Protein chains: 2
Amino acid sequence: MNTKSYYSSYPKFHMAVDCIIFGFEEGGLSLLLQKRNFEPAMGEWSLMGGFVEEGESVDDAARRVLTNLTGLKDIYMRQVKAYGEVERDPGERVISAAYYALIDINKQDKELIKAHNAFWVKLDELPHLIFDHDQMVADALSVMREKALSKPTGINLLPEEFTLTQLQSLYEAILGEEIDKRNFRKRIAEMDYIEKTGHIDKLLSRRGAALYRLNPEKYSKDSKFKI
Amino acid sequence: MNTKSYYSSYPKFHMAVDCIIFGFEEGGLSLLLQKRNFEPAMGEWSLMGGFVEEGESVDDAARRVLTNLTGLKDIYMRQVKAYGEVERDPGERVISAAYYALIDINKQDKELIKAHNAFWVKLDELPHLIFDHDQMVADALSVMREKALSKPTGINLLPEEFTLTQLQSLYEAILGEEIDKRNFRKRIAEMDYIEKTGHIDKLLSRRGAALYRLNPEKYSKDSKFKI
DNA sequence: TCAAAAGTGTTAAGTTTACACCCATGA
DNA sequence: TCATGGGTGTAAACTTAACACTTTTGA
């Protein structure tokens, strides 16, 4: 039996990726959403997506979509799952893998975002999205929250150096609840992969706050991270 | 712009599913694996898989593959993720979604399994599998363990009525470590969705052991489940 | 001098772990 | 009568949660 002919008796499908892009601003999480100025579903809100190309891995397609929209490379992305209902896209059958990304909202390329008609929308003010994108967002949020509790992936939402107050309000945004300041700092102090840089931030307070950073070497050795 | 023409400028791909089928026997977890008697990769071990068909959802394809192999329907299955590396299948490009299932090993259709040249293999004696199937198994195990801690999905590996000793050794198999009997029973007692049936099992001990079952109604109201 | 954010320890409550013996029964 | 698996409670260790005041400094 010939391998090619075995495979070719089966159907093929369009394969897409959709990106749930989380950013952090003004004490809350936001998503980068597209107000579609093209068909299908013109005028509605959707995630940023794109089709997988020939010779491109699905992961790479997700990275390409993110880079095309934000100008950012080497961003933490994680696949949520694949969505394969027959009628999920009413236009034609498309299977889509959802990925989420965490980005520092200050590093984006604003021109690119504008060119794509994309906007930051706060998590508690999300519009209804097309197709099964609402479900994708719900699933991504739940995976992201869970991972953020066990690994400091959320630090991608902050600048490289950050104050403990910033880190705390990031975690409050991710979890959607308040955290006790002293308990939070106690736990951070136990994580030797979050280290003082020696620099002082004077922008956010008169007194000044110590700046910290993630030490990725120490982090990879000790992968516990729990707030 | 016409929707169809927009879509049709993009490539299409074969879409497959691969099933990580967990069973429970003799105090350990096993996987149902196929010794391939067909190309590609004849003679090697692989997961049970199949191609998604036209007009069939990806979830349905996974269910079909499981039913074809085991004769079982309405089994708990969960998607792990999609695997989309370009060269993951050296024959031709195939994107595959991995699903895991938990089955009661006594309910399988042994003839069907034999017809597919499939065998139960203990988790700690797994052979090397083709393509990226080793990675799929590792990912499925980690997702399954995590879910088993928060929801009693693992109960699918047992008969409908089970003794607490059976339930405990199931959880020991899932976690790969021993659990204290009294602590285990204390926690089960707090879960009112695991209830005594009033029946007594006399097969596994002289004295007889109380049989329990999952009450799905109570369970859905109270979704905490932690061993 | 005061407003605003930074920084700092202790105690109580709750959860998890460790641990050993008697019970009922069929062979 | 004894071997086998079934069944039961308590105390120590550890983890988590609650809580309020002093410090620094620029305006």
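Residues numbered from 1 in each chain as written. Chains lettered and ligands numbered in written order. Predicted model: local features only at pLDDT ≥ 70, side-chain atom pairs only at ≥ 80, totals over all residues. Heavy atoms only, no water.

K.L.:
Outline the domain arrangement of chain A, supporting the account with residue identities and numerical values.
P.N.:
Residue and element names in this part refer to chain A. For chain A, the assigned domains are domain 1 (13–148) and domain 2 (153–214). Distance from the C-alpha centre of domain 1 to the C-alpha centre of domain 2: 27 Å. On the domain 2 side, the residues contacting the 14 residues of domain 1 number 13 residues. Buried surface at the junction of domain 1 and domain 2, both sides included, amounts to about 1200 Å², of which 64% is carbon and sulfur. Where domain 1 touches domain 2, the interface holds 0 salt bridges. Our enumeration of links across domain 1 and domain 2 arrives at 2 residue pairs in polar contact (both at pLDDT 80 or more). Taken together, the elements giving at least two residues each to the side of domain 1 that touches domain 2 come down to β1 (12–25), β2 (28–35) and α4 (133–150). Residue classes in the side of domain 1 that touches domain 2 are distributed as 8 nonpolar, 3 polar and 3 charged. (Domains from an automatic or database assignment. Contact = heavy atoms within 4.5 Å. Buried area = accessible area lost by both parts, 1.4 Å probe. Salt bridge = Lys/Arg side-chain N within 4 Å of Asp/Glu carboxyl O. Polar contact = N/O pair within 3.5 Å; in protein donor to acceptor, adjacent residues only side chain to side chain. Helix = DSSP H or I, 4+ residues; strand = E, 2+ residues; numbered from the N terminus. Nonpolar A, V, L, I, M, F, W, Y, C, P; charged D, E, K, R; others polar.)

K.L.:
Give me the environment of A62 of chain A: which residues, what numbers.
P.N.:
All names here are of chain A. Checked against the element boundaries, A62 lands in helix α2 (residues 58–70). By relative accessible area, which is 0% here, A62 ends up buried. Considering only alpha carbons, one finds A62 and M77, 15 residues apart in sequence, at a separation of 8.2 Å. With near-sequence residues (within four places) excluded, A62 lies in contact with V17, C19, M77 and Y99. (Buried < 20%, exposed > 50% of the residue type's maximum accessible area, 1.4 Å probe, protein only.)

K.L.:
Let's hear about the layout of surface pockets: which residues, and what values?
P.N.:
Any empty space left between the atoms is revealed when a probe the size of a water molecule rolls over them. Volume-wise, the largest pocket comes out at about 1000 Å³. Along its surface, the largest pocket is lined by 32 residues, and K151, P152, T153, N156 and Y219 of chain B are the ones closest to its centre. Elements with a contribution of two residues or more to the lining of the largest pocket: α4 (133–150), β10 (209–214) and α7 (216–221) of chain B. It is α4 of chain B that contributes the most residues to the lining of the largest pocket, 4 residues altogether. Domain assignment of the residues forming the lining of the largest pocket places at least three in each of domain 1 (13–148) and domain 2 (153–214) of chain B. Quantified by volume, the second largest pocket comes out at close to 860 Å³. Along the walls of the second largest pocket sit 34 residues, with R78, Q79, V80 and V143 of chain A together with V80 of chain B positioned nearest its centre. For the lining of the second largest pocket, the secondary structure elements donating two or more residues are α2, β5 (77–83) and α4 of chain A together with α2 (58–70), β5 (77–83) and α4 of chain B. Its residues placed into classes, the lining of the second largest pocket shows 13 nonpolar, 5 polar and 16 charged. (1 Å grid on protein atoms, 1.4 Å probe; cavity = no way out; pocket = protein on both sides within 12 Å on 5 of 7 lines; lining within 4 Å. Points joined across faces, edges and corners; volume = space filled by probe spheres on them.)

K.L.:
Outline the packing of aromatic side chains, listing residues and values.
P.N.:
Overall, the coordinates contain 10 aromatic pairs over all chains when judged by the stated rule. Here Y76 of chain A and Y100 of chain A contribute two aromatic rings whose centre-to-centre distance is 6.3 Å and whose plane-to-plane angle is 55 degrees, an arrangement assigned as tilted. Separated by 24 residues along the polypeptide, Y76 of chain A in the loop between α2 and β5 and Y100 of chain A in strand β6 (residues 94–102) bring together distant segments of the chain. Under the relative-accessibility criterion, Y100 of chain A is labelled buried at 0%. Relative to Y100 of chain B, the ring of F22 of chain B has its centre 6.0 Å away and its plane inclined at 75 degrees; by these criteria the two rings are edge-to-face. Residue F22 of chain B is located in strand β1 (residues 12–25), and its partner Y100 of chain B is located in strand β6 (residues 94–102); the two are separated by 78 residues in the primary sequence. With a relative accessible area of 0%, F22 of chain B lands in the buried category. Each residue in the set Y7 and Y10 of chain A together with F51 of chain B is aromatic and connected to the rest through ring pairs, giving one cluster. (Phe/Tyr/Trp six-rings, centres within 6.5 Å; stacked < 30°, edge-to-face > 60°.)

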